[in-house]
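# Analysis of the macromolecular model
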There are 2 protein chains.
Amino acid sequence: MSKKNRLRIIPLGGLGEVGKNMMAYEYGSDIIVVDAGIMFPKNDMLGVDYIIPDYEYLKKKSNHVLGLFITHGHEDHIGAVQHFTEDIPVPVYATPLTRGLIEAKLHRNGAQHKVQMKTINAGDSTRIGPFTLEYFHVNHSIPDAVGIGITTPAGLVIHMSDFKFDQTPVDGWPTDFAKLSEFSNRGVDLLLSDSTNAERPGWTPSESVIRPAFEKVLSEAEGRVIVATFASLISRVQQVADAAKVTGRKMALAGTSMVDNVKIARKMKYLEIPDEMIVPIEQALNMQDHKVVIMCTGSQGEPSSIVGRLSAGTNRQFGLKDGDTVVLSSHPIPGNEESISATINRLLRKGAKVIHDGIAPIHVSGHAAQEEQKLLINLVRPKHFMPIHGELRQLIRHAEIAQQMGIEEENTIVAENGQVVELVGKKILLGERIPGDYVFVTGESIGDIDHDVMKERSQLARSGIMLIDISIDRKNGRLLHEPEIVTRGFVSPEDAESLIPDVRRLIMRTVHDDGFDDEKDIINTVKSYLHQQTKRRPMVFVTLSKS
Amino acid sequence: MSKKNRLRIIPLGGLGEVGKNMMAYEYGSDIIVVDAGIMFPKNDMLGVDYIIPDYEYLKKKSNHVLGLFITHGHEDHIGAVQHFTEDIPVPVYATPLTRGLIEAKLHRNGAQHKVQMKTINAGDSTRIGPFTLEYFHVNHSIPDAVGIGITTPAGLVIHMSDFKFDQTPVDGWPTDFAKLSEFSNRGVDLLLSDSTNAERPGWTPSESVIRPAFEKVLSEAEGRVIVATFASLISRVQQVADAAKVTGRKMALAGTSMVDNVKIARKMKYLEIPDEMIVPIEQALNMQDHKVVIMCTGSQGEPSSIVGRLSAGTNRQFGLKDGDTVVLSSHPIPGNEESISATINRLLRKGAKVIHDGIAPIHVSGHAAQEEQKLLINLVRPKHFMPIHGELRQLIRHAEIAQQMGIEEENTIVAENGQVVELVGKKILLGERIPGDYVFVTGESIGDIDHDVMKERSQLARSGIMLIDISIDRKNGRLLHEPEIVTRGFVSPEDAESLIPDVRRLIMRTVHDDGFDDEKDIINTVKSYLHQQTKRRPMVFVTLSKS
């Protein structure tokens, strides 16, 4: 098989959510990249702010990267654009709203002039190197999302990023079925499709179905209504604005990202909210409570969000008051259940009424469920199928669905991040494995926390530390003063009070009676004593000076 | 109102799950306690093994505690029996199976002779001090569970612990409706009821409905089937054994707690599994794969459980092989979603098929849903209602349900742990707040980790530590050698290599040029430098010796 006529498909990064945050396509020596997003850390990733894909492989070939193509404006698809373009300065292609959201983000970081942006539109196509990209509209929980048909001499690949089939989308613009059929007629060699909801039977309801629930909440609430959702969930803002209009409330926005995003979406006409419906937050706080709905962030219980701060009583601009209703208009992202539940309890404790998707239909998923996944396969009739955008459990489930639809088992391929897949001679093969993991980001520095540092942190966190400072008389090898001992995160002050004198005596005995070689002796002796006394294993450090 | 005729109801401990792990009833100076359970730590409770209720209030009155009454044999109701009776040595009352499970646990800890156990049976009653306790059978996901009617001169209180109304329970023994009606006829002053599923509409399905799903899995699987569930979910073991019988498989048990519990339950006839159905695990491993089902623990992805170890490839007795099917027969406990998902992915990566409650009906809840909660209220017709066994969000929801059923708002009372509730003169009032929080248990030591230690751990975990050792010449105030610097959990070795020389120079400058007072100066200088360079705030420690 000629290596020349070979498309390499490379899912990168993303905490096991395959190819969600970044995907590369390599033909010959040319590369295009789809999406550059961030992920939020798992609960055991201590002190990490967020995570970006490990694109070391692309950095080494950065001269061959032709462009970055963004499917839609969610953080897990655009959040790493700035990091990526700093390392690999290529043009970024995005639809108008997506571009606006990226630019707002860059602007907040003072980096708006550093990135070269190009506008694309659903229906457009781009020829770049050996690639022809055809963008087509898809429904998702944000407007202006696209899928991409990618043609190379190796064949036609459909890259379905996050999508659903919404027959009655809020913006009246359904997924482009005609284009999918056209691809089908041409012959699709490989379909990559969103596996997020591969474990969910049936159809995902239309975004429109939540409108009545919002009208009910807004008309029944006697006080203010505070609706929290993702700042990028533009269609949700539209729904709440529409419900506010018919229930006689004005809308105010709280939080920088929410204010910015709504401004952009309104300006670009992705949001149709009349001027008289929107009031500044300061004005809203002085209006009658039942005339107001406040849109803000924090539906996942994030401590630094507006709702997180409201629940903790630390929001500076305004606080909760009796009669407030807080609506958490999202579904818990796996891993966030605990902090969301704690947030709900705190809001209730402060006297607010809380409405979440477990008790009222105020949220629907933005991802295709099983029947939609099947419909896509029937529309496209691909020769090969590769599930993406999910953890292994969802990918395998999605591959099973594809096989039920008649795609041969040998024509479906499940690959995790870093696993290269090759489309060559109209066949699909597993290629080599490359680093496709993720990079921790903390503070402003990237990647300088590796898995070893994380292991040390988890060890520090598990049992704390003990620091021992001893000085020895060079002449006679005896201690010059009693050992100084400090602990952190180990035992309570009361227990330390009873434990530390014993440790001191133990060290003195080790140094004076048992002969003494070096710090290691003391560390080991103390460690085993502490474990025996407390069943814990703190990190023990000794500093030794001789004089 | 005479203080004499006053019943105090005191929910204790349990991470916000009100009164689940422990509940005290105090009349005059006499106290009885219902349940003594443990809870597992939240994700941000670093290095904690488990949590027990803070029963300091009871310790101070330990001479007045008359007995500990256990409603059923789940860990969150029996796990702290040993701790409790060590502090407050009172008789423990439990039904036969519950007693057997407690004794097995005590036996594993070598404490079987330290606790005085008394057997009670559903239908029995106990008079103790001013209390008359009447036990009645309830359905739950473990056999031999009871609710308790508690009569004092202050009135009749029904303590419904975990329950559901299962019309076709696996053991053929439904909840005692007749007793509930009898209580109703007598007049119930206060009903305390299980709020776990207060956000779930409808009825919880019968445990029997999962039998067909297990028969399907066991008949379709071509290899071994490994079923993981809680060791105390006795009725699940019965279901799997029944399904194994009709599908021609033998059952083996893996894991100490599973082996122990099944042995006890079989001996006491709570489990009806013929001898020929059970084979030792060693024998099962040598049988044909499709003739075997293995019951074990680990349905919550616990790393130390059998399934946790199978997924990590560290189970000594046996490993996974191609063709294995692993069934996780439970629902994720909130907070465990992430680790369960990681476990599922690891099992799949090892080639096993994984079936969980998201894709097949192989689990039902053991708790009443809204319609059952309503039925209970209609059966009992209490004057007052207090939701227990839930977080605030579920309690408030359950109180709303009671109000929908016609119980006056002023007659429903929502109290969190440590909030004393008083039944006095046939009225219900909020009493004082007492410590009703929880106590961390790590290793073998209890309670010596307080919230401050936890805070230090979380700080250590967030950015790690830097230790600086410096020696100063007493005569001229100059450094005797370059500062020695060690970091843990802070930055990667490569970054440390570039950062540490700068920190060294900074310290030397601080000591030599800027004048030098004490360690504080150096700590502050280094801290602000590190933050400026890395945006992180590690804990910095300096040891200083002068000679």
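Model, not experiment: these values are computed from the prediction.

Turning our eyes to something else, we now look at the overall build of chain A. Within chain A, the regular secondary structure consists of 16 helices and 25 strands. By principal-axis analysis of the C-alpha atoms, chain A measures approximately 90 × 75 × 45 Å. The 547 residues of chain A split such that 60% are buried. Considering only contacts in chain A between residues 6 or more positions apart, those separated by 24 or more positions represent 71%. Carbon and sulfur atoms make up 48% of the accessible area of chain A, which totals about 21500 Å². Positive and negative side-chain charges of chain A, numbering 62 and 71 respectively, have mean locations separated by a distance of 1 Å.

Each side of the interface is counted separately: chain A has 62 residues, and chain B has 62 residues. Taking both partners together, chain A and chain B bury about 5200 Å²; carbon and sulfur atoms supply 53% of that area. At the junction of chain A and chain B, the tally comes to four salt bridges. Note that glutamate 416 of chain B is salt-bridged to arginine 349 of chain A, the shortest N-O span being 2.6 Å. Here chain A and chain B share 28 residue pairs in polar contact (both at pLDDT 80 or more) between them. Every element with two or more residues in the side of chain A that touches chain B is listed here: helix 11 (337-349), helix 13 (392-404), helix 14 (451-463), strand 23 (465-472), strand 24 (484-488), helix 15 (493-512) and strand 25 (539-546) of chain A. Of the residues contributing to the side of chain A that touches chain B, the split by class is 21 nonpolar, 19 polar and 22 charged.

Once that is clear, we can look at the pattern of salt bridges. Where side chains of opposite charge bring their charged atoms close, a pairing between them can arise. Residues and elements named next belong to chain A. Throughout the structure, instances matching the rule amount to 60 salt bridges over all chains. A salt bridge links lysine 20 to aspartate 76; the shortest N-O distance between them is 4.0 Å. Note that lysine 20 is positioned in the loop between strand 1 (6-12) and strand 2 (22-27) and aspartate 76 in helix 2 (residues 75-78), a separation of 56 residues in sequence. Like aspartate 76, lysine 20 is buried. Taken together, the shared-partner salt bridges connect Arg6, Arg8, Glu26, Lys61, Glu422 and Glu432 into one network.

Taken residue by residue, chain A gives an average pLDDT of 91. The fraction at 70 or more is 97%. Note on the complex model: pTM 0.86, ipTM 0.83.

All names here are of chain B. Taken together, five strands build an open sheet; the order of strands is 14-15-13-16-17 and the sheet is parallel. Of all the strands in the sheet, just strand 14 (250-253) and strand 17 (353-356) have a single pairing partner and so form its edges. Sheet twist, expressed as the mean angle between neighbouring strand axes with direction ignored, is 20°. Here four bridges tie strand 14 to strand 15 (residues 292-296), and the two strands are oriented parallel to one another. Bridging from a neighbouring strand, lysine 250 pairs with valine 292 of strand 15.

This brings us to the nonpolar core. Residue and element names in this part refer to chain B. If you look at the biggest cluster of nonpolar residues, it comprises 68 residues, and the most contacted ones within it are Val33, Leu58, Leu68, Phe84, Ile102, Phe214 and Met251. Element by element, the count of residues in this core is highest for helix 7 (residues 234-246), at six residues. In terms of domain composition, this core takes at least three residues from each of domain 1 (7-203 + 365-443) and domain 2 (207-356). Setting aside residues up to four positions removed in sequence, isoleucine 102 forms contacts with Ile70, Ile78, Val81, Val92, Ala94 and Met117.

Attention now moves to the sheet that holds strand 12 (residues 190-194) of chain A. Residues and elements named next belong to chain A. Spatial ordering of the open sheet is given by 8-9-10-11-12-18, a layout of six strands whose pairing is mixed. What marks the edges here is a single partner per strand, and that holds for strand 8 (125-128) and strand 18 (384-388). Neighbour-to-neighbour, the strand axes of this sheet turn through a mean angle of 20°, independent of strand direction. Bridging between strand 9 (residues 131-138) and strand 10 (residues 145-152) involves seven bridges; their strand directions are antiparallel. Each residue of the ladder has a partner; that of valine 138, found in strand 10, is alanine 145. Most of the contacts of helix 13 go to strand 18, to which it runs at about 155°, and overall it touches strand 12 and strand 18.

As far as domains go, chain A holds domain 1 (7-203 + 365-443), domain 2 (207-356) and domain 3 (451-546). Spacing between the C-alpha centres of domain 2 of chain A and domain 3 of chain A amounts to 52 Å.

So, about the pairing of strand 11 (residues 155-159) of chain B. Residue and element names in this part refer to chain B. With five of its five residues buried, strand 11 lies for the most part within the structure. With burial as the criterion, each face of strand 11 is covered, one bearing Gly155, Val157 and His159 and the other bearing Leu156 and Ile158. For strand 11 and strand 12 (residues 190-194), the ladder comprises three bridges, and the chain directions are parallel. The residue bridging valine 157 from the neighbouring strand is leucine 190, located in strand 12. The parallel pair strand 11 and strand 12, bridged by helix 5 (residues 177-186), forms a crossover whose chirality is right-handed.

Quick look at the relation of the copies chain A and chain B now. Under the fitted operation, chain A is carried onto chain B by 0.1 Å of movement along the axis and a turn of 180°, and the coordinates agree to an RMSD of 0.1 Å. The superposition operator between the copies reduces to a two-fold rotation axis. The rotation axis passes nearest to the C-alpha of alanine 461 of chain A in chain A, at a distance of 2.5 Å.

We now examine the pairing of strand 23 (residues 465-472) of chain B. Residue and element names in this part refer to chain B. Of all the eight residues making up strand 23, eight are buried; the element is thus mostly covered by neighbouring parts of the structure. Across five bridges, the pairing between strand 23 and strand 24 (residues 484-488) is antiparallel. Counted as the bridge partner of isoleucine 468 is isoleucine 485 from strand 24.

The subject of this paragraph is the environment of proline 334 of chain A. You can see proline 334 of chain A is positioned in the loop between strand 16 (325-328) and helix 11. Residue proline 334 of chain A is classed as exposed on the basis of its relative accessible area of 58%.

A few words now on the environment of leucine 320 of chain A. Residues and elements named next belong to chain A. Its place among the elements puts leucine 320 in the loop between helix 10 (306-312) and strand 16. When the C-alpha positions of leucine 320 and proline 153 are compared, they lie 60 Å apart, and in sequence the two are 167 residues distant. When near neighbours in sequence (up to four residues on either side) are disregarded, leucine 320 contacts Arg224, Ile226, Leu310, Val326, Leu347, Lys350 and Ala352.

Attention now moves to the packing of helix 6 (residues 211-220) of chain A against helix 7 (residues 234-246) of chain A. All names here are of chain A. It is at 9 Å that the axes of helix 6 and helix 7 come closest, and there the two elements cross at 45°. When the axes of helix 6 and helix 7 are compared, the pair comes out oblique. Relative to helix 7, helix 6 is oriented so that their crossing is right-handed. In contact with Arg211, Phe214, Glu215 and Leu218 of helix 6, helix 7 contributes Arg236, Gln239, Val240, Asp242, Ala243, Ala244 and Val246. When the residues that make up the contact of helix 6 with helix 7 are grouped by side-chain class, the tally is six nonpolar, one polar and four charged.

As a further point, take the packing of helix 15 of chain A against helix 16 (residues 519-534) of chain A. Residue and element names in this part refer to chain A. One can describe the packing of helix 15 onto helix 16 by two numbers: an axis separation of 10 Å at closest approach and a directional angle of 145°. The element helix 15 and its partner helix 16 pack so that their crossing is right-handed. Listed contacts from helix 16 to Leu499, Asp502, Val503, Leu506, Ile507, Thr510 and Val511 of helix 15 are Ile522, Thr525, Val526, Tyr529, Leu530, Gln533 and Thr534. For the contact of helix 15 with helix 16, the class distribution of residues is nine nonpolar, four polar and one charged.

Once that is clear, we can look at the side chain of histidine 72 of chain B. Residue and element names in this part refer to chain B. Along the polypeptide, histidine 72 turns up in the loop between strand 5 (65-69) and helix 2 (75-78). On the basis of relative accessibility, which here comes to 0%, the residue histidine 72 falls in the buried class. There is a polar contact of 3.2 Å between the side chain of histidine 72 and the side chain of aspartate 162. Setting aside residues no more than four positions away along its own chain, histidine 72 makes contact with Asp35, His77, Ile78, Thr98, His140, Ile142, Ala145, Ser161 and Asp162.

With that settled, the discussion passes to the packing of aromatic side chains. Under the counting rule described, the total for this entry stands at 10 aromatic pairs over all chains. Summarising the aromatic geometry, the rings of tyrosine 55 of chain B and phenylalanine 84 of chain B are spaced 5.1 Å apart at their centres and angled 70° between planes, so their arrangement reads as edge-to-face. Of this pair, tyrosine 55 of chain B sits in the loop between strand 4 (50-53) and helix 1 (56-60) while phenylalanine 84 of chain B sits in helix 3 (residues 81-87), and the two are 29 residues apart along the sequence. Residues tyrosine 55 of chain B and phenylalanine 84 of chain B agree in their burial class; the two are buried. Linked through ring pairs, Phe163, Phe165 and Phe177 of chain A together constitute an aromatic cluster.

Let us now look at unusual backbone geometry. Phi angles above zero are rare outside glycine, and histidine 389 of chain A is one such case at about 55°. Mapped onto the elements of the fold, histidine 389 of chain A is located in the loop between strand 18 and helix 13.

A few words on helix 6 of chain A. All names here are of chain A. Of the positions making up helix 6, those classed as buried are Ala213, Phe214, Val217 and Leu218. Down the axis of helix 6, the smallest arc covering the buried residues is 125°, so these residues share one side. Turned more than 90 degrees from where helix 6 packs its buried face, Pro212, Lys216 and Glu220 sit exposed. Residues of helix 6 that are buried make contact with strand 13 (225-228), helix 7, strand 15 (292-296), strand 16 and strand 17 (353-356).

Reading the values: rules and limits
- Residues numbered from 1 in each chain as written.
- Chains lettered and ligands numbered in written order.
- Predicted model: local features only at pLDDT ≥ 70, side-chain atom pairs only at ≥ 80, totals over all residues.
- Heavy atoms only, no water.
- Helix = DSSP H or I, 4+ residues; strand = E, 2+ residues; numbered from the N terminus.
- Buried < 20%, exposed > 50% of the residue type's maximum accessible area, 1.4 Å probe, protein only.
- Contact = heavy atoms within 4.5 Å.
- Areas by Shrake-Rupley, 256 points an atom, 1.4 Å probe, with all protein chains shown as cover.
- Lys, Arg positive; Asp, Glu negative; His and termini not counted.
- Charge placed at Lys NZ, Arg CZ, Asp CG, Glu CD.
- Buried area = accessible area lost by both parts, 1.4 Å probe.
- Salt bridge = Lys/Arg side-chain N within 4 Å of Asp/Glu carboxyl O.
- Polar contact = N/O pair within 3.5 Å; in protein donor to acceptor, adjacent residues only side chain to side chain.
- Nonpolar A, V, L, I, M, F, W, Y, C, P; charged D, E, K, R; others polar.
- pLDDT = per-residue confidence, 0-100.
- Pairing = 2+ DSSP bridges.
- Axes fitted to C-alpha atoms, helices over the stretch in contact; angles between N-to-C directions.
- Core = buried A, V, L, I, M, F, W, Y, C linked by side-chain atoms within 4.5 Å.
- Domains from an automatic or database assignment.
- Right-handed = clockwise from strand over helix to strand, strands pointing away.
- Least-squares fit on C-alpha atoms with pLDDT ≥ 70 in both.
- Parallel < 35°, antiparallel > 145°, perpendicular 65-115°, else oblique.
- Left-handed = near helix turned anticlockwise from the far one by under 90°.
- Phe/Tyr/Trp six-rings, centres within 6.5 Å; stacked < 30°, edge-to-face > 60°.
- Arc of directions from axis to C-beta.

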